[in-house]
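Structural overview
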Amino acid sequence: MRGATHVKWAACAAAVALAATACGGGDSGGGGGGADGIVSSSWGDPQNPLEPANTNEVQGGKVLDMVFRGLKKYDPKTGEATNMLAEKIESKDNQNFTVTVKDGWTFSNGEKITANSFVNAWNYGALLKNNQKNAYFFGYIDGYDKVHPETGKATATKLSGLKVVDDKTFTVKLSQKFSLWPDTLGYPAFAPLPKTFFTDHAAWLSKPIGNGPYTIDKYTKGSSMSLRKWDDYPGDDKAQNGGIDLKVYTDNNTAYTDLTAGNLDLVDDVPASQLKNVKADLGDRYINTPAGIIQTLAFPFYDKNWNTAGAVKVRQGLSMAINRPQITDQIFQKTRTPASDWTSPVLGADGGFKKGLCGKECTYNAAEAKKMIEDGGGIPGGQLKISYNGDTGSHKEWVDAVCNSINKVMGNNKACVGAPVGTFADFRSQVSQQKLHGAWRAGWQMDYPLIQNFLQPVYYTNASSNDGKWNNKQFDDLVDKANAESDKAKAVSTFQDAEKVMVQQMPVIPLWYQNGSAGYSENVTNVSLNQFSVPVYEQIKVK
Amino acid sequence: MGRYVIRRLLQMIPVFFGTTLLIFLMVNVMGDPIAGLCGDRQCDPATAAQLRTEFGLDKPVWQQYLTYMGNVFTGDFGTAFNGQKVTELMGTAFPITIRLTLVAIVFEIVIGISLGVVTGLRRGRPVDTAVLILTLVVISIPTFVTGLLLQLLLGVEWGVIKPSVSPEAPLNELIIPGLVVASVSLAYVTRLTRTSIAENTRADYVRTATAKGLPRRRVVIRHLLRNSLIPVVTFIGTDVGALMGGAIVTERIFNIHGVGYQLYQGILRQNSQTVVGFVTVLVLVFLAANLIVDLLYAVLDPRIRYA
């Protein structure tokens, strides 16, 4: 008897509680726009702790972009690196640089920014024991091999190439000539860090302090971050809104639904499944602009079957067998552009992008493609397997389309097949451990808008992201030559000469340039994406 | 009774170790998680090696498991790749999912059992047929369809609710997601109760109670329902565990940052610390729920006794 009474009571109490809360809801803020000029925006959970030299993906990068300013900044429209905190960066020999920091800049906690703020931050970023995933950015600085050896323990704690001259000046010695090096300094990894970063690291991580147009007001890890305009920000790119509320979405479809329901102001990743409706839903409020991302098919040069004279022809033939315009139209709804070189349109003609550089080798031509592949001795192993990760990014669709295109050209339904790998981590570990013996999907998102960044880290012999282990002396020599060139135009054209070597060798097949896509609500205007496909938050205006 | 509880608690120990070991092995089989940490580029080998040492991934699996279990008993569930403690993640995720589960269970109990009683007492009548058809429809539609449909209609078209739940996930925002999570089980609860009630209406004790002249309400609630609840309680009990772990789809649709979200994230990033930690707690919840169900039997029907 007693038991039954209890059950009944519990049920009644729960029902009452439920009804009560159901009635008393609906006023908890959050929503879109707002009188105080706050923009709400979708966000993903950053994969790594938010530290400048430890953040290598878009979600964390987004925050750093709002909270930090470095020596240089990339113009969101042209991609040109302009001085921000740097008064001047001078060099006579393209190897020894003198950096002068501007006066009048502070961190949002009032601490003055000096040459030390940079040198300490860079030393921290480079040191092996700090586990910074972007440490390799400091790899050009002299002494990097001591603080970050490939194996074993570090033998020094500071980069010998960095020297503080006075409060405003420091010198940098690179280990090789690199004329475009100052232009790399806009990357967040080179941001200055305040003293509290080193003295109270845990507190800093839970609420990072920087020197950008926004300060972090509230950060709930894994779910949301409120950024507010920093009124005393000394730069000329002050925030034009009151702040940004970043909200983590588990699924970008839900973010998109929230946008259409008027609960969210900005979605910077329109899900592929919604691309068909996006014009009808948003009209002009949909942005689709090029980003510094290129997608490619890579090959294993550690496998000797792919490293023969004949295989060059096979790769060129395969490239010609892929109908890029058709795939970008039908599968990607024009959110990708067929690639005809190995860089990206965001560089602009002056920066080194050259449409059509790859020429006929990257143009669909069924008859010639088949002939080339057969001349080269056919696909090694008789079948091309394209590996990709099946968990994110809907790669299956386009890999199948690429295979379909190749199969049609070869008149053989089994000439090319997709080979899915369960998770991204597993896919990456197979790539980096050289376990793949067919092709795999590869891609490169630029760190800074420089042609050097599209070529050297990916294709130079033993470069950090040269996963296929391609090596070519002629290419390497041209890259070295370009880096030593003090005239920028000359450097760019030499890099393009290096690209021409790639047309002849086809170490990876360029597929398409990826666009950034975003949508925004009627509450906000002046929304744009920069070359990294990150919204230019500080320029957004609230109606 | 006391001995029975102790025996059951002891049985939990091998189950606990077995499940955690299995999950641990499964996550390990998926490959090297560090490789995915640097995006589409390769982590530089020195940093990768350093990270591997930090997360203990350079040791053999059995040693990793032993260290892990050793730490678990001191309350240390390890660190996720983004530098957060797993216990911290649990601290934010479990309350939300527990709230969602509670809402779902309340729906199951209130709506499911009342509908079951109503239809059980009116077997073959139009109400019964209507509810039977309705539950059949609910059972046959997958939850993600119900979820997306309700989200579109109530959230976007009519603006009754917000399509996504805010990070704090207050109870009132969880009502619709809770209903979605509960929907299929709710239909089963209805059907179970209905059958059980229909069967027992003809039982001797019901006839006796009616013959004694007891009011119908009392006969139905005290005599009929109480005896018919045993299969239903079993179902709801096991459902607690299933709801907590299985809300992944619904949590994704409504952007609820609960256990499902953390598990999904953990699996995608192959973060064995997160996955094993959360699954361990879920296993415990499952075991506890089952134990409570067994103990409830005795309360509902004193004839059932465990020695």
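Residues numbered from 1 in each chain as written. Chains lettered and ligands numbered in written order. Predicted model: local features only at pLDDT ≥ 70, side-chain atom pairs only at ≥ 80, totals over all residues. Heavy atoms only, no water.

1. Some words on the overall build of chain A
Defined as follows: Runs of E in the DSSP output that reach at least two residues are strands. Runs of H or I that reach at least four are helices, and both are numbered from the N terminus. Just to be clear, the radius of gyration here is over C-alpha atoms, and the globule rule we use is 2.2 Å times residues to the power 0.38. We call two residues in contact when some of their heavy atoms are within 4.5 Å. Using a 1.4 Å probe, the Shrake-Rupley method yields the accessible areas, and only the shown protein chains count as cover for residues.
Along chain A, the regular secondary structure elements total 17 helices and 19 strands. Here the C-alpha radius of gyration of chain A, 26 Å, is about what a compact globule of 543 residues would show, namely 24 Å. Over its C-alpha atoms, taken along the principal directions, chain A stretches across nearly 80 × 70 × 50 Å. Taking the intrachain contacts of chain A between residues at least 6 apart in sequence as the baseline, contacts between residues at least 24 apart amount to 68%. Of the roughly 21,400 Å² of accessible surface on chain A, a fraction of 49% belongs to carbon and sulfur atoms.

2. What to know about a negative patch on the surface
Definition in use: The patches described consist of residues with a relative accessible area above 30% and no salt bridge, like charges being joined within 9 Å and nonpolar side chains (Val, Leu, Ile, Met, Phe, Trp, Tyr) within 5 Å. A pair is scored as a salt bridge if a Lys or Arg side-chain nitrogen falls within 4 Å of a carboxyl oxygen belonging to Asp or Glu. Note on charges: Lys and Arg go in the positive column, Asp and Glu in the negative column, and His and the chain ends are not counted at all. Throughout, a charge is located at the NZ atom of Lys, the CZ atom of Arg, the CG atom of Asp or the CD atom of Glu.
Residues E87, D103, D166 and D167 of chain A make up a contiguous surface patch of negative charge. For D103 of chain A, the location among the structural elements is in the loop between β5 (96–101) and α3 (115–126).

3. Some remarks on the state of the cysteines
Residues and elements named next belong to chain A. Note the threshold: The criterion for a disulfide is a pair of cysteine sulfur atoms lying within 2.5 Å. Exposure categories follow from relative accessible area, calculated using a 1.4 Å probe and restricted to protein chains: below 20% of the type maximum is buried, above 50% is exposed, and the middle band is partly exposed.
The final tally for this structure, using the stated rule, is two disulfides over all chains. Here C358 is linked by a disulfide to C362, with a sulfur-sulfur distance of 2.0 Å. Because the sign of the S-S torsion sets the handedness, a value of about 70 degrees for the bond joining C358 and C362 places this disulfide among the right-handed ones. C362 sits in the buried class, given a relative accessible area of 8%. Here C403 engages in a disulfide with C416; their sulfurs sit 2.0 Å apart. In this structure the cystine formed by C403 and C416 twists about its S-S bond by roughly -50 degrees; its chirality is therefore left-handed. Of this pair, C403 sits in helix α13 (residues 395–410) while C416 sits in strand β15 (residues 416–421), and the two are 13 residues apart along the sequence.

4. Regarding the sheet that holds β5 of chain A
All names here are of chain A. We apply this condition: By the convention used here, strands pair only if DSSP detects at least 2 bridges between them. Inter-axis angles, ranging from 0 to 180 degrees, are taken between N-to-C directions of lines fitted to C-alpha atoms, where helices are fitted over the stretch in contact.
Taking strand neighbours across the sheet as the criterion, the four strands line up as β4-β5-β7-β6 in an open arrangement whose pairing is antiparallel. One side of each edge strand has no neighbouring strand; the edge strands of this open sheet are β4 (86–91) and β6 (162–166). Looking at each pair of strands side by side, their axes are set apart by 20 degrees on average, direction ignored. In the sheet, β5 pairs with strand β7 (residues 169–173) via five bridges, with the strands oriented antiparallel. Of the residues in β7, the one forming a bridge with T98 is T171. Against the sheet, α3 makes contact with β5, β6 and β7, and its axis sits at roughly 170 degrees relative to β6, the strand it touches most.

5. Notes on the nonpolar core
Spelled out, the test is: Grouping buried Ala, Val, Leu, Ile, Met, Phe, Trp, Tyr and Cys residues that are joined through side-chain atoms within 4.5 Å yields what is termed a nonpolar core.
Membership of the largest hydrophobic core comes to 151 residues, with the highest contact counts inside it found for W122 and F170 of chain A. Ranked by residues supplied to this core, first place goes to α13 of chain A with eight residues.

6. Topic: the interface of chain A and chain B
Worth spelling out the cut-off: Buried area is a sum: the accessible area each of two parts loses on coming together, probed at 1.4 Å, counted once for each and added. In the analysis that follows, any N or O atom pair within 3.5 Å is treated as a polar contact, provided that within protein one partner can donate a hydrogen and the other can accept it, and provided that, for residues neighboring in sequence, both atoms belong to side chains. Side-chain classes are defined by residue name, with Ala, Val, Leu, Ile, Met, Phe, Trp, Tyr, Cys and Pro counting as nonpolar, Asp, Glu, Lys and Arg as charged, and the others, Gly among them, as polar.
At the junction of the two partners, chain A supplies 61 residues and chain B supplies 54 residues. Both faces combined, the contact of chain A with chain B buries some 5,100 Å², and carbon together with sulfur accounts for 54% of it. At the junction of chain A with chain B, the criterion picks out two salt bridges. Of the charged contacts, one joins R269 of chain B and D45 of chain A as a salt bridge, the two residues approaching to 3.8 Å between their closest N and O atoms. Remark: the boundary between chain A and chain B carries 14 residue pairs in polar contact (both at pLDDT 80 or more). For the side of chain A that touches chain B, the elements supplying multiple residues, two or more each, are α1 (2–23), β10 (243–248), α7 (252–260), α14 (424–432) and β16 (439–445) of chain A. Among the elements that take part in the side of chain A that touches chain B, α1 of chain A stands out by supplying eight residues, more than any other. Grouping the constituent residues of the side of chain A that touches chain B by class yields 17 nonpolar, 30 polar and 14 charged.

7. Topic: the pairing of strand β12 (residues 286–298) of chain A
Residue and element names in this part refer to chain A. Of all 13 residues making up β12, 10 are buried, and the element is well covered by its neighbours. Alignment of β12 against strand β17 (residues 508–520), held across 11 bridges, turns out to be antiparallel. Across the sheet, N288 pairs through a bridge with S517, a residue of β17. As judged from the six bridges shared by β12 and β16, these two strands associate in the antiparallel manner. The residue bridging T296 from the neighbouring strand is A442, located in β16.

8. Details of the packing of helix α16 (residues 473–484) of chain A against helix α17 (residues 488–505) of chain A
Residue and element names in this part refer to chain A. Stated precisely, the cut-off is as follows: Should an angle fall under 35 degrees it is called roughly parallel, over 145 degrees roughly antiparallel, and 65 to 115 degrees roughly perpendicular, with every other angle called oblique.
The geometry of α16 relative to α17 is characterised by a closest axis approach of 8 Å and an angle of 170 degrees between their N-to-C directions. Accordingly, the angle class assigned to the pair α16 and α17 is roughly antiparallel. Residues Q474, F475, L478, V479, K481, A482 and N483 of α16 form the contact with α17, whose participating residues are A491, T494, F495, D497, A498, V501 and M502. Looking at the contact of α16 with α17 residue by residue, the classes come out as nine nonpolar, three polar and two charged.

9. Here we look at the packing of aromatic side chains
All names here are of chain A. To keep it simple, the criterion reads: Aromatic rings from Phe, Tyr and Trp, taking only the six-membered ring of Trp, are treated as a pair when their centres fall within 6.5 Å; an angle between ring planes under 30 degrees marks them as stacked, one over 60 as edge-to-face, and anything in between as tilted.
Considering all chains together, one arrives at 34 aromatic pairs over all chains under this definition. Between F332 and W512 the ring centres are 5.3 Å apart and the planes differ by 65 degrees, which places this aromatic pair in the edge-to-face class. Residue F332 is located in the loop between α10 (324–330) and β13 (336–338), and its partner W512 is located in strand β17; the two are separated by 180 residues in the primary sequence. The exposure class assigned to F332 is buried, which follows from its relative accessible area of 7%.

10. Points about the confidence of the model for chain B
Heads up, the condition is: pLDDT expresses how confident the predictor is about each individual residue, on a scale running from 0 to 100.
Across chain B, the average pLDDT comes to 86, with 99% of residues at 70 or higher. In the predicted complex, the global pTM is 0.83; the interface-specific ipTM is 0.82.

11. Some remarks on unusual backbone geometry
Positive phi values are uncommon outside glycine, yet S533 of chain A reaches one of about 60 degrees. At N255 of chain B, a position not held by glycine, the phi torsion is positive, near 55 degrees. Relative to the helices and strands, N255 of chain B is located in the loop between α10 (248–253) and α11 (259–268). Given the relative accessible area of 2%, N255 of chain B is considered buried.

12. Focus on the packing of helix α15 (residues 451–459) of chain A against α17 of chain A
Angle between the axes and distance between the axes: these two values describe a pair of packed helices. Residue and element names in this part refer to chain A. Put simply, the test is: Here a crossing is called left-handed whenever its near helix is offset anticlockwise from the far helix by less than a right angle, and right-handed whenever the offset is clockwise.
At a closest axis distance of 10 Å, the pairing of α15 and α17 adopts a crossing angle of 45 degrees. What the angle tells us is that α15 and α17 run oblique. At the point where α15 passes α17, the crossing takes the left-handed sense. Residues I451, Q452, L455 and Y459 of α15 form the contact with α17, whose own contacting residues are V492, F495, Q496, E499 and M502. Its residues placed into classes, the contact of α15 with α17 shows six nonpolar, two polar and one charged.

13. Comments concerning the environment of G310 of chain A
Residue and element names in this part refer to chain A. For G310, the location among the structural elements is in helix α9 (residues 309–320). Here G310 falls in the partly exposed class, since its relative accessible area comes to 22%. It is 8.5 Å that separates the C-alpha atoms of G310 and G378, two residues lying 68 residues apart in sequence.

14. Describing helix α2 (residues 58–67) of chain A
Residue and element names in this part refer to chain A. With respect to burial, α2 is a largely interior element, seven of its 10 residues being buried. When we look at burial in α2, the residues that qualify are G60, G61, K62, V63, L64, M66 and V67. Where α2 is buried, its residues touch β1 (38–43), β8 (214–220), β9 (224–229) and β10.

15. Digging into the pairing of strand β14 (residues 384–389) of chain A
Residue and element names in this part refer to chain A. For β14, the tally of buried residues reaches five of six residues, placing the bulk of the element in the interior. Two strands pair when backbone bridges link them, and β14 and β15 are joined in this way by six bridges, in the parallel orientation. Across the sheet, residue K385 finds its bridge partner in β15, namely V417.

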